[in-house]
Amino acid sequence: MSRPNANDRFATGAKAQRVLVVDDLPASRLLLFRVLSALNYDVSLASDGEEAWHLMVTRRPFDFVLTDLEMPELNGLELARKIRQSGRSEISDRPIIIHSSTDPAILREPLAADPLTFCLPKPLEVNRLRDMLKRMQSVFTSSSQSQSSVDHAAG
């Protein structure tokens, strides 16, 4: 019998998904906290990329990360890269949403090679966030099912 996959938790929605919100602006963190809490997510907050990284490696794994792009110290792209390159499957395979007022075309190339990283434009539109979460879940579920098929074929 295989051990439970963290992807299954994301796909089933059986319990509140844990999200880490990362933004250096307190008002943005509060807005995202309120919106995601109203959508029944279990929200944790970090004020910069370094704090987010610390929370990712010291706490129970988050189901996904929603991070601002432009932050001092460790920005959103650097945080995403650090997560992906961590070598720790409990965090490296998590979806990441980069929330940015930067022209999305600028982010196209850095995000193109990573199907689990998404760009959400600012200002925040709740319906767009909901659509993004549905799309993210769809991609994550497909990825999980593909990996499950590979696991079954190998077993």
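- With an unreviewed UniProt entry as reference, the protein chain is termed Response regulator, source organism Roseiconus lacunae.

**As for the sheet that holds strand β4 (residues 96–100)**
- Sheet architecture is open: five strands sit in the order β2-β1-β3-β4-β5, paired in parallel fashion. Each edge of the open sheet is held by one strand with a lone partner, namely β2 (42–46) and β5 (117–121). When the angles between neighbouring strand axes are averaged without regard to direction, this sheet yields 20°.
- As paired strands, strand β3 (residues 64–68) and β4 are joined by four bridges and run parallel to one another. Following the sheet pairing, T67 is matched in β4 by I98.
- Sheet strands touched by helix α2 (residues 26–38): β1 (18–22), β2, β3 and β4. Its angle to β2, the strand with the most contacts, is close to 170°.
- Where helix α6 (residues 104–112) meets the sheet, it contacts β4 and β5, and its direction lies at approximately 165° from that of β5.

**Observations concerning the packing of aromatic side chains**
- As enumerated under the stated definition, the model contains one aromatic pair in all.
- The side chain of R18 reaches across the aromatic face of F62, ending 4.4 Å from its centre.

What counts, and where the lines are drawn
- Residues numbered from 1 in each chain as written.
- Predicted model: local features only at pLDDT ≥ 70, side-chain atom pairs only at ≥ 80, totals over all residues.
- Heavy atoms only, no water.
- Pairing = 2+ DSSP bridges.
- Helix = DSSP H or I, 4+ residues; strand = E, 2+ residues; numbered from the N terminus.
- Axes fitted to C-alpha atoms, helices over the stretch in contact; angles between N-to-C directions.
- Contact = heavy atoms within 4.5 Å.
- Phe/Tyr/Trp six-rings, centres within 6.5 Å; stacked < 30°, edge-to-face > 60°.
- Lys NZ or Arg CZ within 6 Å of the ring centre and 35° of its normal.

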